[in-house]
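Below are the chains, spelled out letter by letter.
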Amino acid sequence: MTGLRKMGVYSFSAICSIILIYPLVFSLLSSFKDNTGIYSSKIFALPDVWLWSNFKMAFTDAHIHYAVLNSFLYAIAGTAVTLFLGTMASYVLSRFNLKINGFVYIYFILGLMIPVFSLVIPISRMIGSIGGFNNYFVMMVLYGVFELPMTIFLITGYMKGIHKEIDESAVMDGCGPFRFLFQILAPLAMPAISTAGILAFFSIYNDLLWNVILITERDMYNISMALMSFVGERGSAQMGPTFASISLTIIPTVIVYLLFQEKVEGGLSSGAVKA
């Protein structure tokens, strides 16, 4: 790579980094300001007075700590459901020569093409008919099922690239199908499983649509719903507590990323190369 080209790549990367970091820095600084400081022309100036009361209001009025816990509960449980079902389905679709496999695979992939908003009314009526509103279990299952198409797409494609000679060797050693799946095939397909899990987790964590439709109790709000409710109650009158709430919702996702950074990067890159 020539010096000029390298400089261009670094410059482009720096610009992209600034564009991505700008909202985070703005939100964090604004969380310590009042409306006058937020709307001033010096958007990156440090607060004249550090208003820690904004964070106190985020806890007492927005109940942001409950929302974070709910979001993690929905995301972890939903991701577990979709990975368990998706891995088992991908095992059948990739390793068994069944005539129905092609139809089943296309059936799941079609789930990626159907707009989720077209399913809002029928699903809400279906869940309402069984009394499923404000129900943690229903939300977990719903999130897990909606992430299945992408999960099956990623894991099935990866498993198809694993040589089937491994299956024959496992059968000769007396390995049953479930043992083969969970002790041999799943570990080999872990890059794809990690990628699917990461995408499912953050998709569920940041969901707003189903929380708006199926949850009416404030104690069950996730982060997106709690923020929308908090902003709707106060409008632009108290932007400091709003930005404090936003900052508190960003911190857990950053921590999760830092903890699983190697899995995130390795899973995405391995999955891309394998595909």
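Residues numbered from 1 in each chain as written. Predicted model: local features only at pLDDT ≥ 70, side-chain atom pairs only at ≥ 80, totals over all residues. Heavy atoms only, no water.

Things to note about the overall build of the protein
- Scanning the protein for helices and strands turns up 15 helices and zero strands.
- Taken along its principal axes, the extent of the C-alpha atoms in the protein is 75 × 65 × 30 Å.
- Across the 275 residues of the protein, 39% fall into the buried class.
- Within the protein, the 14 negative side-chain charges are centred at a point lying 7 Å from the centre of the 15 positive side-chain charges. (Helix = DSSP H or I, 4+ residues; strand = E, 2+ residues; numbered from the N terminus. Buried < 20%, exposed > 50% of the residue type's maximum accessible area, 1.4 Å probe, protein only. Lys, Arg positive; Asp, Glu negative; His and termini not counted. Charge placed at Lys NZ, Arg CZ, Asp CG, Glu CD.)

Some words on the packing of helix α9 (residues 165-172) against helix α10 (residues 177-188)
- At a minimum axis distance of 12 Å, the contact between α9 and α10 shows a crossing angle of 155°. As far as their axial angle goes, α10 and α9 are roughly antiparallel. As α9 packs across α10, the resulting crossing turns out to be right-handed. Of the residues in α10, those touching α9 at Ile166, Asp167 and Ala170 are Phe180, Ile184 and Leu188.
- Residue classes in the contact of α9 with α10 are distributed as five nonpolar, no polar and one charged. (Axes fitted to C-alpha atoms, helices over the stretch in contact; angles between N-to-C directions. Parallel < 35°, antiparallel > 145°, perpendicular 65-115°, else oblique. Left-handed = near helix turned anticlockwise from the far one by under 90°. Contact = heavy atoms within 4.5 Å. Nonpolar A, V, L, I, M, F, W, Y, C, P; charged D, E, K, R; others polar.)

Details of the side chain of Asp167
- Looking at the secondary structure, you find Asp167 in helix α9.
- A polar contact is formed between the side chain of Asp167 and the side chain of Arg95, at a distance of 2.5 Å.
- Sequence-distant contacts of Asp167, defined by excluding residues within four places in its chain, comprise Arg95 and Phe180. (Polar contact = N/O pair within 3.5 Å; in protein donor to acceptor, adjacent residues only side chain to side chain.)

Describing unusual backbone geometry
- Notably, Asn134 is not glycine yet its phi reads approximately 55°, a positive angle.
- Of note, Asn134 is situated in the loop between α6 (120-129) and α7 (136-146).

Remarks on empty space enclosed by the protein
- Counted by the stated rule, this structure contains one cavity of 30 Å³ or more.
- Its residues placed into classes, the lining of the largest cavity shows five nonpolar, one polar and one charged. (1 Å grid on protein atoms, 1.4 Å probe; cavity = no way out; pocket = protein on both sides within 12 Å on 5 of 7 lines; lining within 4 Å. Points joined across faces, edges and corners; volume = space filled by probe spheres on them.)

Considerations on the layout of surface pockets
- Approximately 800 Å³ is the volume found for the largest pocket.
- Gly111, Leu119, Val145, Phe146 and Pro149 are the residues nearest the centre of the largest pocket, which is lined by 28 residues in total.
- Among the elements of the structure, α5 (101-109), α6, α7, α8 (148-160), α11 (190-205) and α12 (209-214) are those that each provide at least two residues to the lining of the largest pocket.
- Per-element tally for the lining of the largest pocket: the top contributor is α7, with five residues.
- Per-class residue counts for the lining of the largest pocket are 24 nonpolar, two polar and two charged.

Quick word on the environment of Asp48
- Positionally, Asp48 belongs in the loop between α2 (35-38) and α3 (53-60).
- According to the relative accessible area criterion, Asp48 is exposed, its value standing at 81%.
- Put simply, Asp48 and Lys33 are 15 residues apart on the chain and 7.9 Å apart in space, counted from C-alpha to C-alpha.

A word on the packing of aromatic side chains
- Enumeration according to the criterion identifies 18 aromatic pairs in this entry.
- Seen from their ring centres, Phe201 and Tyr205 are 5.9 Å apart, and the 20° between their planes marks the pair as stacked. Of the two residues, Phe201 and Tyr205 both sit in helix α11, four residues apart, roughly one turn of that helix.
- An aromatic cluster is present here, built from Phe32, Trp50, Trp52 and Phe55 joined pairwise through their rings.
- The ring of Tyr105 is capped by Lys160, whose NZ or CZ atom sits 4.9 Å from the centre of that ring. (Phe/Tyr/Trp six-rings, centres within 6.5 Å; stacked < 30°, edge-to-face > 60°. Lys NZ or Arg CZ within 6 Å of the ring centre and 35° of its normal.)

A short note on the pattern of salt bridges
- A full pass over the atoms with the stated rule returns one salt bridge.
- The partner of Asp167 in a salt bridge is Arg95, and the shortest N-O contact between them spans 2.5 Å. Placement of the pair is Asp167 in helix α9 and Arg95 in helix α4 (residues 64-95), with a sequence separation of 72 residues. In this structure, Asp167 and Arg95 share a single accessibility class: buried. (Salt bridge = Lys/Arg side-chain N within 4 Å of Asp/Glu carboxyl O.)

Describing the side chain of Thr79
- Inspection of the secondary structure puts Thr79 in helix α4.
- The exposure class of Thr79 is buried, given its relative accessible area of 9%.
- Apart from residues no more than four positions distant in its own chain, Thr79 is found in contact with Gly197, Ala200, Phe201 and Ile204.

Comments concerning the packing of α4 against helix α14 (residues 239-259)
- Relative orientation of the contacting elements α4 and α14 amounts to 35°, with a least axis distance of 10 Å. Two packed elements cross with a definite hand, and for α4 against α14 that hand is right-handed. Only Ser245, Leu248, Thr249, Pro252 and Val256 of α14 make contact with α4, whose side of the interface consists of Ile64, Val68 and Phe72.
- Looking at the contact of α4 with α14 residue by residue, the class counts come to six nonpolar, two polar and no charged.

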